[in-house]
Amino acid sequence: MLLMLLSMCSLSIHASTLLILGDSLSAGYMMAAEQSWPVLLQKQWKEEKFPVTIINSSISGSTTQDGLARLPALLSHHKPDWVLIELGANDGIRGFPPAVPYQTLKKTIQLIQQQGGKPLLMQIRIPRNYGAAYITRLEAIYPQLAEETGIPLLPFFLESIITRPELMFNDGIHPTAKAQPLIRDMLAPLLRQQMNMAEKSL
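Below: a short report on this structure. (Residues numbered from 1 in each chain as written. Predicted model: local features only at pLDDT ≥ 70, side-chain atom pairs only at ≥ 80, totals over all residues. Heavy atoms only, no water.)

On to the overall build of the chain. Within the chain, the regular secondary structure consists of 8 helices and 5 strands. In the chain, the order of α-helices and β-strands from amino to carboxyl end is α-β-α-α-β-α-β-α-α-β-α-β-α. Against the 2.2 N^0.38 benchmark of 17 Å for 202 residues, the chain shows a C-alpha radius of gyration of 16 Å, consistent with a compact globule. The principal-axis extents of the C-alpha atoms in the chain amount to approximately 50 × 40 × 25 Å. A sequence separation of at least 24 residues applies to 77% of the contacts in the chain between residues at least 6 apart. Surface accessibility of the chain: about 9,800 Å² in total, with carbon and sulfur atoms responsible for 59%. (Helix = DSSP H or I, 4+ residues; strand = E, 2+ residues; numbered from the N terminus. Rg over C-alpha atoms; globule rule 2.2 N^0.38 Å. Contact = heavy atoms within 4.5 Å. Areas by Shrake-Rupley, 256 points an atom, 1.4 Å probe, with all protein chains shown as cover.)

So, about the pattern of salt bridges. Taken as a whole, this structure holds 7 salt bridges when the rule is applied. Between Glu48 and Arg192 there is a salt bridge, and its shortest N-O distance comes to 2.5 Å. Separated by 144 residues along the polypeptide, Glu48 in the loop between α3 (37-47) and β2 (52-56) and Arg192 in helix α8 (residues 180-201) bring together distant segments of the chain. Taking the shortest distance from any N to any O, the salt bridge between Arg125 and Glu139 comes out at 3.0 Å. Note that Arg125 is positioned in the loop between β4 (118-122) and α7 (132-149) and Glu139 in helix α7, a separation of 14 residues in sequence. In this structure Arg125 comes out as partly exposed when scored by relative accessible area, which is 30%. (Salt bridge = Lys/Arg side-chain N within 4 Å of Asp/Glu carboxyl O. Buried < 20%, exposed > 50% of the residue type's maximum accessible area, 1.4 Å probe, protein only.)

For the α-helix, the turn length of 3.6 residues means that residues three or four positions removed from each other point alike. An ideal rise of 1.5 Å per residue puts 22 Å on 16 residues; helix α6 (residues 99-114) measures up with 22 Å between its terminal C-alpha atoms. Burial in α6 covers these residues: Pro101, Tyr102, Thr104, Leu105, Thr108, Ile109, Leu111 and Ile112. Buried residues along α6 sit against β1 (16-22), α4 (64-78), β3 (82-86), α5 (89-93), β4 and α7. At the exit of α6 stands Gly116, carrying a positive phi of roughly 85°. (Expected span 1.5 Å × (residues − 1).)

With their axes 10 Å apart at the nearest point, α6 and α7 run at an angle of 30° to one another. In terms of their interaxial angle, α6 and α7 are classed as roughly parallel. By crossing handedness, the relation of α6 to α7 is classed as right-handed. Residues Pro101, Tyr102, Leu105, Lys106, Ile109 and Gln113 of α6 form the contact with α7, whose own contacting residues are Leu138, Ile141, Tyr142, Gln144, Leu145, Glu148 and Thr149. The residue makeup of the contact of α6 with α7, split by class, is 8 nonpolar, 3 polar and 2 charged. (Axes fitted to C-alpha atoms, helices over the stretch in contact; angles between N-to-C directions. Parallel < 35°, antiparallel > 145°, perpendicular 65-115°, else oblique. Left-handed = near helix turned anticlockwise from the far one by under 90°. Nonpolar A, V, L, I, M, F, W, Y, C, P; charged D, E, K, R; others polar.)

Further remarks concern the sheet that holds β4. What the 5 strands build is an open sheet, ordered β2-β1-β3-β4-β5; its pairing is parallel. Each edge of the open sheet is held by one strand with a lone partner, namely β2 and β5 (153-154). Where β1 and β2 come together, 5 bridges link them in parallel fashion. Each bridged residue has a counterpart across the sheet, and for Ile20 the counterpart in β2 is Asn56. The strands touched by α3 are β1, β2 and β3; relative to β2, the strand with the most contacts, the crossing angle is about 170°. (Pairing = 2+ DSSP bridges.)

Listed below in structure tokens is the structure:
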């Protein structure tokens with residue numbers, strides 16, 4: 001019955017492309033590429049006949065500025081219908097003023113929209129040892145940007161994983177291969193919901 005429902009849902013969306021613009025959290029840090037959550041999600045959607053092709057352009061160490069710099073070429077080459085923006089953790093780890101990722105992410109969102117794509121912004125969290133005031137200001141830019149630009153804000157995909165040491169590397173920042181299926185399972189319905197909602201509004 002579940003597979004039947006999933007197949008029916010897939011009929012409501014046209015074949016499209018999802019570009020993931022991220023950092024090491026989506027790049028499959030310290031694991032084989034096929035173990036990463038984007039690859040696992042693509043396999044799942046293929047089995048479910050959900051007609052979305054995932055292009056993972058995540059690079060470990062990327063800041064918001066790095067993502068913006070490589071975005072024009074990615075948009076030109078892939079012409080994605082959707083872009084999941086998972087950036088900002090490295091800005092925080094490097095201590096950039098929150099105004100820097102705010103402005104860069106805003107330009108990223110605007111560029112995607114100008115090229116006819118639909119941006120999806122992921123909330124980012126950084127380690128709690130960077131000072132409460134700084135953490136609050138940095139993490140607040142995500143709901144602010146979502147409200148200002150009218151785009152969806154997805155919850156941080158490590159929210160329920162980062163507190164489980166067995167699913168994290170010793171650095172306490174990166175999820176292990178064991179965590180990747182959980183990330184896939186958390187994101188899959190959220191992404192499908194956004195895509196189906198957008199199709200129905202056309």
